[in-house]
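# Reading the structure
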Amino acid sequence: GAIIAAAIFTRMRYSGDPRTVFILSPLAVAPSHQRKGIGQQLVAHALAALRGIGVEVAVTYGDPAYYGKAGFRPVSHDAVPAPLPLSYPHGWLAQSLTSQPLSPMAGQPECAEALRDARYW
């Protein structure tokens, strides 16, 4: 009956790009339930749901080793601009949720107001 994990995906937009993009932020698993695969299962389920509604690109900012297991790959700021300057550029990750490879995003990125805090980046 308790919540032990959460994955929140929020819409992002690129001013010159028609693709539907969502950012995963945050992902959290209660400490007593970590290292059991719950986070990976939750991300996989969420990505499948996003594919099911036609989302084309998913991005996140975190540990490449962890998120790489879910299909995220490091991307350059030139290819997929981040909404704010990154303190850990190696952690900027993305993946195509379609059969097409990820191509560069066009235009300026915009994320939800709750994510527009430089401390998160």
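So, a few notes on the structure that sits alongside this text. By convention here, each chain's residues receive numbers from 1 onward along its written sequence. Predicted model: local features are reported for residues with pLDDT of at least 70 only, side-chain atom pairs are reported and counted for 80 or more only, and whole-chain, interface and lining totals are derived from all residues. Just so you know, side-chain values use all the structure's heavy atoms and leave hydrogens and water out.

## With respect to the layout of surface pockets
Convention followed: Only protein atoms enter the calculation, which uses a 1 Å grid: trapped sets of points that fit a 1.4 Å probe without letting it out are cavities, open sets showing protein on both sides within 12 Å along at least five of seven lines are pockets, and any residue with an atom within 4 Å of a point is a lining residue. Grid points are joined across faces, edges and corners, and a volume is the space filled by probe spheres set on the points. Note on residue classes: Ala, Val, Leu, Ile, Met, Phe, Trp, Tyr, Cys and Pro are nonpolar, Asp, Glu, Lys and Arg are charged, and everything else, Gly too, is polar.
Estimated volume of the largest pocket: approximately 330 Å³. Considering the residues around the largest pocket, the lining is formed by 14 residues, among which Val29, Gln34, Arg35, Gly39 and Tyr66 are closest to the centre. Among the residues forming the lining of the largest pocket, the class breakdown is six nonpolar, five polar and three charged. One number sums up the size of the second largest pocket: a volume of about 180 Å³.

## What about the pattern of salt bridges?
Selection criterion: Each reported salt bridge corresponds to a side-chain nitrogen of Lys or Arg within 4 Å of a carboxyl oxygen of Asp or Glu.
Under the criterion given, the structure shown has three salt bridges. With a shortest N-O distance of 2.7 Å, arginine 19 and aspartate 17 are connected by a salt bridge.

## Here's the deal with unusual backbone geometry
For the record, the criterion: Counting from the N terminus, the helices are the DSSP runs of H or I reaching at least four residues and the strands are the DSSP runs of E reaching at least two. Relative accessible area decides the class of each residue, using a 1.4 Å probe on protein chains only: under 20% of the type maximum gives buried, over 50% gives exposed, and in between gives partly exposed.
Put simply, serine 25 and proline 26 share a cis peptide bond, and its omega is 5 degrees. Relative to the assigned elements, proline 26 resides in strand β2 (residues 17–29). Although it is not a glycine, arginine 35 sits at a positive phi angle of roughly 65 degrees. Its location among the elements puts arginine 35 in the loop between β2 and α1 (38–52). By relative accessible area, which is 88% here, arginine 35 ends up exposed.

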